[in-house]
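Okay, here's what each chain looks like letter by letter:
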Amino acid sequence: MLNEMSTIDFQTLFESAPGLYLILTPELKILTASDSYLQATMTKRESVVGRHIFEVFPDNPGDESADGVSNLRASLYSVLRNRVAHTMAVQKYDIRRPDGTFEVRFWSPMNKPLLNAQQEVKYIIHRVEDVTDFMKIQNEQERKDKIAEDLLVRIGTMEMEIFKRAQEIQQLNSNLEKQVVARSIELIKTEQQFRKSLDSLMEGIQIIDRNWRYVYVNDALALHGKTTKENLIGFTMMERYPGIENTEVFKTMEQCMNDRTPRHFENEFVYPDKTHRWFELSIQPVEQGIFVLSLDITARKEAEEKVNRANRLYAFISQINQQIVHVQDEKTLLKNCCDIAIEFGKFKIAWIGKFSERKNEISLIEQSGIAEKDLPKFTPLKLHSGGPQDIVLKSDSYFVCNDLRQGDEMKNLRDFAKENNIRSCMVLPIVRGGKIVATFNLYAGELDFFKKEEILLMQEVTGDISFAMNIFDRDEQRKEAEKALLNSESNLRTIFENTTSGFLLLDAAFNIVSFNKQISHFAINAFGFDMKVNSNFVEMVLPERKEPFRILLESILRGESMYQEVNYPDPDGIILWYRSTSSRILDRNGEAVGICLTVDNITDRKKAEAELELQNKELIKTNSELDRFVYSVSHDLRSPLTSVLGLVSFIEEESKEKDTLEHAGMIRSRITRLDGFIRNILSYSRNNRMEIVREQIQVEKTIREVIENLRRFNEQNDVVFEVDVDEKTAFFSDAIRMHTVLENLISNSIKYQDPEKQNRWIKIKATTSEKDLKLEVEDNGVGIEEENIGKIFGMFYRVSGKVPGSGLGLYIVKEVVGKLGGTVTCNSVAGKGTSFVVHIKNMVQ
Ligand code: ADP
């Protein structure tokens, strides 16, 4: 329904449209037509719809020149082929009346394709404008125009006539004037003096008649004109200087010639050879025409130009210097430099290019004056060997070309220069960190712009830019360093806040600069005050403590460091210990600028220390008690043993019974072992408890005593003792301890003899020196297995149970030797024998 509605609506809309429309199928059949079209073509819809266009609208058979059908066909085919609209020229396309006769009509048709989604022509909209009426008017106009044209031709002829007459009159006039001029010249000629003075003048003088002929010129003028008087006088200006009539100076002369008022101005004259010179001209109307006084002011102009140029370059420099002072970043500086070059330096183009890493290319980074379309030419620019950039790089200096039409270096720039009216250029190196990194390129509109002075100024500018860039570099480095510092500062801050220590920073006037939360807790706990930045630390303590406190801080500021362990109760009354250290802070010049105070809570450490001390005390007490106990017990035990041994001796002497004697012998052996053990315990205890008693020791005597003593108590008396003592130095030590060492070592040597061996021996060698006593006890006994040698000095360590013993002997030897400031070592080979080497310090003093 909707579809139908819209179709109907569209159709109605189309049909009632004011324009003249036909809708054609690609086969050129009429699909529909607007009412206006039907009306204009005197047709009815039902008689045209579905029919071929040319069947409905054929050519007028009465008009032999009719080409409407073929033109329209060509246009429609063009639309079908090209799928774009085609507008036709005005067509004469007569319309068949209902009665079959034709009516003359002119049309302005336009054919437009309607494309489907596949871009194929679905329909053609043929729109026409009936221009018959306009064409009729046009024809009428043409007729009128024809009459007017004829009239114009006639007027033209008349004008020519008048023109000719005027020319004749003009000629007459000019002849007349010539006579006047000739007369004037005659007049001038007669006045030799005047003429001479004119001729000798610096100023050029010319009198030009109303026909622009040179009537009079002086020598200076001829010189100015780079010619001779003869070449000028009698000729017109146009003859001598073709095209002069188009110049400003001629126009001014012309005005003067016409309005007869004097003129005064400066002018740059271009000679036929294209050279230029400046003249100051003064034009006066005179009877013959005009009188022109000219003064060559080229030198002055050039000087002025030079001054102007210098001024503008100084302005350029001054602006750049201001930029260097104010601009903070390199990019802005370089951009502004280019802009200033254009605005104040009056250059046509300024650009800064940066060399690539390998220096084979240069890329434009900033510019001013280059047209948008030309920018791609600059980025990147390949360096040409012998080109300006290359020259700058290689020569480490600037490059100048004062005439871009000349020189091989500039051949790549020539077209660009011509298009942009650039005549000279300069390329300057921008140096950074001692290396050329970029160039400043300046293109001037003038020829010969870069003279000695300009070059110096430009070098100065570029030097300033390079300098600024190096400062930026340093700034950059400084910023980097500052950033690193900031980072480390923030790191420090983090540590500062998270450490278990309390930190407080004071300035030299003891004001609080900074502190962390640990110290603020301490301050609240210990003193009950809240720390604040900028408040004075001294003012915070109790009034009576202020002065000593200040004195303390002042001494710290002078370089004394402070270490204190203090205790304060916390809010719960628990005693907390703090360690406080302070030191001064020095600045780069070594001036004390403040104090750093740290506070650590050492309560735990203090507690641990106290506990350890307590334990130590207890241990010492226990030890000495034990020692005393062992000592007394040993003594108490020894006396009954001695009595028992006495009784055993008594039995042995008195009894004749074999069994009794055997038992008595067994008792003696066990008692002797027990006594040996108790004596060992006593020696150990004595070694621990008793102070060293220094005395001179007769080494050989002592050795022999010990041997004798042991022989008495031992059954194995067949061992051969060899004693070799060198006692050239008096030996001082503790006699009892010395005795213990000898007794234990020699008794072992006796104990661990090899019963299998025939010649059993013990060699004892002793040498005294200032330094020590070297004692060697060697036997050819059973020896010790290698793996056991390391264990024999251990407490209660015994190798075999065959021979009785306590396993304390060598342990005591080691302890005693240690106490006497010496060492003991053992060398032994199982089955061969054992040797003990003892060093005991000689306590000469
Ligand atoms: P004890 O002699 O009472 O067993 P020691 O501490 O005096 O205890 O000796 C420890 C061990 O070292 C002994 O059991 C023994 O095996 C070994 N030993 C000590 N001296 C010698 C020696 N001269 N020859 C062989 N073995 C020895």
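Structure: above.
What you see is a predicted model, and the numbers here were worked out from it, not measured in a lab. (Residues numbered from 1 in each chain as written. Predicted model: local features only at pLDDT ≥ 70, side-chain atom pairs only at ≥ 80, totals over all residues. Heavy atoms only, no water.)

Draft legend 1. Here's a closer look at the overall build of the chain. Tallying secondary structure elements over the chain gives 24 helices and 31 strands in all. Burial status across the chain gives 38% buried among its 845 residues. Nonlocal contacts in the chain, meaning residues at least 24 apart in sequence, comprise 52% of its contacts between residues at least 6 apart. Carbon and sulfur atoms provide 54% of the accessible area of the chain, an area that totals close to 49,900 Å². (Helix = DSSP H or I, 4+ residues; strand = E, 2+ residues; numbered from the N terminus. Buried < 20%, exposed > 50% of the residue type's maximum accessible area, 1.4 Å probe, protein only. Contact = heavy atoms within 4.5 Å. Areas by Shrake-Rupley, 256 points an atom, 1.4 Å probe, with all protein chains shown as cover.)

Draft legend 2. Structural view of a nonpolar patch on the surface. A cluster of nonpolar side chains, contributed by Leu674, Phe677, Met795 and Phe796, occupies part of the molecular surface with about 360 Å² of accessible area. Relative to the elements of secondary structure, Leu674 occurs in helix H20 (residues 658–689). According to the relative accessible area criterion, Leu674 is partly exposed, its value standing at 41%. (Patch = residues over 30% accessible without salt bridge, like charges linked within 9 Å, V, L, I, M, F, W, Y side chains within 5 Å. Salt bridge = Lys/Arg side-chain N within 4 Å of Asp/Glu carboxyl O.)

Draft legend 3. Focus on the packing of aromatic side chains. Scanning the entire structure with this criterion turns up 16 aromatic pairs. Between Phe316 and Phe440, the ring centres sit 6.4 Å apart and the planes meet at 45°, which makes this aromatic pair tilted. Of this pair, Phe316 sits in helix H12 (residues 298–326) while Phe440 is found in strand S19 (residues 435–444), placing the two residues 124 residues apart along the sequence. For the pair formed by Phe316 and Phe440, the shared burial category is buried. (Phe/Tyr/Trp six-rings, centres within 6.5 Å; stacked < 30°, edge-to-face > 60°.)

Draft legend 4. Quick peek at the pattern of salt bridges. Per the stated rule, a full pass over the model turns up 27 salt bridges. Ionic pairing is found between Lys226 and Asp273, a salt bridge with its closest N-O pair at 3.8 Å. A residue pair is termed long-range when its members are at least 10 positions apart, and Lys226 in the loop between helix H8 (219–224) and helix H9 (229–232) and Asp273 in the loop between strand S11 (263–270) and strand S12 (276–285) qualify at 47 residues. In this structure Asp273 comes out as partly exposed when scored by relative accessible area, which is 47%. The shortest N-O distance in the salt bridge between Glu705 and Lys701 comes to 3.9 Å. On the criterion of helical spacing, the pair formed by Glu705 and Lys701 is a turn pair, its members being 4 residues apart in helix H21 (residues 699–713). Residues participating in the shared-partner salt-bridge network are Lys373, Asp374, Lys377 and Glu419.

Draft legend 5. Seen up close, the site of the ligand. The immediate surroundings of the ligand are formed by 20 residues, with Asn748, Lys751, Arg798, Ser806 and Leu810 found nearest. The contact in question runs from an oxygen atom of the ligand to an N or O atom on the side chain of Asn748, over 2.9 Å. The contact in question runs from an oxygen atom of the ligand to an N or O atom on the backbone of Leu810, over 2.8 Å. In the complex, the protein chains occlude 97% of the 530 Å² of accessible area that the ligand would expose alone. For the shell around the ligand, the elements supplying multiple residues, two or more each, are helix H22 (735–751), helix H24 (809–819) and strand S31 (833–841). The element best represented in the shell around the ligand is H22, accounting for 3 residues. (Near = heavy atom within 4 Å. Polar contact = N/O pair within 3.5 Å; in protein donor to acceptor, adjacent residues only side chain to side chain.)

Draft legend 6. Region of interest: the nonpolar core. One finds Ile703, Ile746 and Ile764 to be the most contacted residues of the largest nonpolar core, which totals 42 residues. Those residues in contact with Ile703 that sit more than four places away from it in its chain are Val723, Val725, Leu742, Ile746, Ile764, Ala766 and Leu775. Core analysis: the next-biggest nonpolar cluster, separate from the first, contains 32 residues, Ile324, Ile352, Met426 and Ile430 among them. (Core = buried A, V, L, I, M, F, W, Y, C linked by side-chain atoms within 4.5 Å.)

Draft legend 7. Structural view of empty space enclosed by the protein. In total, this model carries 4 cavities of 30 Å³ or more according to the counting rule given. Taken as a whole, the largest cavity encloses approximately 220 Å³ of empty space. The wall of the largest cavity is formed by 17 residues, among which Gln206, Tyr214, Leu221, Phe269 and Phe279 lie closest to the centre. Mapped by element, the contributors of at least two residues to the lining of the largest cavity are H8, helix H11 (248–259), S11 and S12. (1 Å grid on protein atoms, 1.4 Å probe; cavity = no way out; pocket = protein on both sides within 12 Å on 5 of 7 lines; lining within 4 Å. Points joined across faces, edges and corners; volume = space filled by probe spheres on them.)

Draft legend 8. Highlighting the side chain of His126. Within the fold, His126 resides in strand S8 (residues 121–130). Setting aside its immediate chain neighbours within four residues, His126 contacts Leu20, Tyr21, Leu22, Leu24, Tyr37, Leu72, Pro109, Met110 and Asn111.

Draft legend 9. Quick peek at the layout of surface pockets. Of the volumes computed, that of the second largest pocket is approximately 720 Å³. In this structure, the second largest pocket is lined by 19 residues; those nearest its centre are Glu268, His276, Glu302, Glu305 and Leu447. When residues of the lining of the second largest pocket are assigned to their parent elements, the largest contribution, 6 residues, is made by H12.

Draft legend 10. Main features of H20. Counted at 1.5 Å a residue, the expected span for H20 with its 32 residues is 46 Å, and the 46 Å between its end C-alpha atoms agrees. Burial in H20 covers these residues: Ala664, Ile671, Asp675, Ile678, Asn680, Leu682, Ser683, Ser685 and Asn687. (Expected span 1.5 Å × (residues − 1).)

Draft legend 11. Seen up close, the sheet that holds strand S23 (residues 575–586). One open sheet holds the 5 strands; their spatial order is S21-S20-S24-S23-S22, and the pairing between them is antiparallel. In this open sheet, the two edge strands, each paired with only one partner strand, are strand S21 (512–515) and strand S22 (562–569). The sheet shows a mean angle of 20° between the axes of neighbouring strands, taken without regard to direction. Here S23 runs beside strand S24 (residues 592–601); their pairing, made up of 9 bridges, is antiparallel. Paired with Ser583 across the strands is Cys596, a residue of S24. (Pairing = 2+ DSSP bridges. Axes fitted to C-alpha atoms, helices over the stretch in contact; angles between N-to-C directions.)

Draft legend 12. Inspection of the environment of Lys122 at higher detail. In this structure, Lys122 sits in strand S8. In the structure, Lys122 is positioned 97 residues away from Thr25 in sequence and 6.8 Å away in space, judged by C-alpha atoms. Lys122 has contacts with Leu24, Thr25, Pro26, Leu114, Leu115 and Asn116, leaving out every residue within four places of it along the chain.

Draft legend 13. A look at the environment of Ala523. The residue Ala523 is located in helix H17 (residues 517–527) in this model. Here Ala523 falls in the buried class, since its relative accessible area comes to 3%. Ala523 sits 76 residues away from Val599 along the chain, and the two C-alpha atoms are 10.0 Å apart. With residues near it in sequence (within four places) discarded, Ala523 still touches Gly528, Phe529 and Met531.

Draft legend 14. Looking closely at the packing of H22 against H24. Following both chains from N to C, one finds H22 and H24 inclined at 150°, their axes separated by 9 Å at the closest point. At the point where H22 passes H24, the crossing takes the left-handed sense. Note on element contacts: H24 touches H22 through Gly809, Leu810, Ile812, Val813, Val816, Val817 and Lys819, opposite Arg737, Thr740, Val741, Asn744, Leu745 and Asn748. Residue composition of the contact of H22 with H24, grouped by class: 7 nonpolar, 4 polar and 2 charged. (Left-handed = near helix turned anticlockwise from the far one by under 90°. Nonpolar A, V, L, I, M, F, W, Y, C, P; charged D, E, K, R; others polar.)

Draft legend 15. Representation of helix H5 (residues 68–82). With 15 residues, H5 extends 21 Å between its outermost C-alpha atoms, agreeing within 8% with the 21 Å of an ideal straight helix rising 1.5 Å per residue. Among the residues of H5, Gly68, Val69, Leu72, Ser75, Leu76, Ser78 and Val79 are the ones counted as buried. In this structure, the buried residues of H5 make contact with strand S1 (20–24), helix H4 (53–56), strand S3 (86–87), strand S4 (91–92), strand S7 (106–115) and S8. Note on H5: the residue one or two positions beyond its end, Arg83, has a positive phi of about 55°.

Draft legend 16. Main features of the pairing of S22. Judged from the 8 bridges that link them, S22 and S23 form a sheet pairing that is antiparallel. Counted as the bridge partner of Asn567 is Trp577 from S23. Connecting S22 to the antiparallel partner S23 that follows it, the hairpin turn spans 5 residues, and Gly573 within it adopts a positive phi of roughly 85°.

Draft legend 17. View of the sheet that holds strand S26 (residues 720–726). With respect to topology, 5 strands assemble into an open sheet ordered S26-S28-S29-S31-S30, the strand pairing being mixed. On the outer flanks of this sheet lie S26 and strand S30 (823–829), each paired with one strand and no other. The average angle at which neighbouring strand axes cross in this sheet is 10°, direction not considered. Bridge analysis of strand S29 (residues 772–779) against S31 gives 8 bridges, and the strand direction is antiparallel. Looking across to S31, one finds that Leu773 is bridged to Ile840. On the sheet, H22 packs against S26, strand S28 (761–768), S29 and S31 and is oriented at approximately 15° with respect to S29. Along the sheet, H24 contacts S30 and S31; its crossing angle with S30, the most-contacted strand, is approximately 145°.

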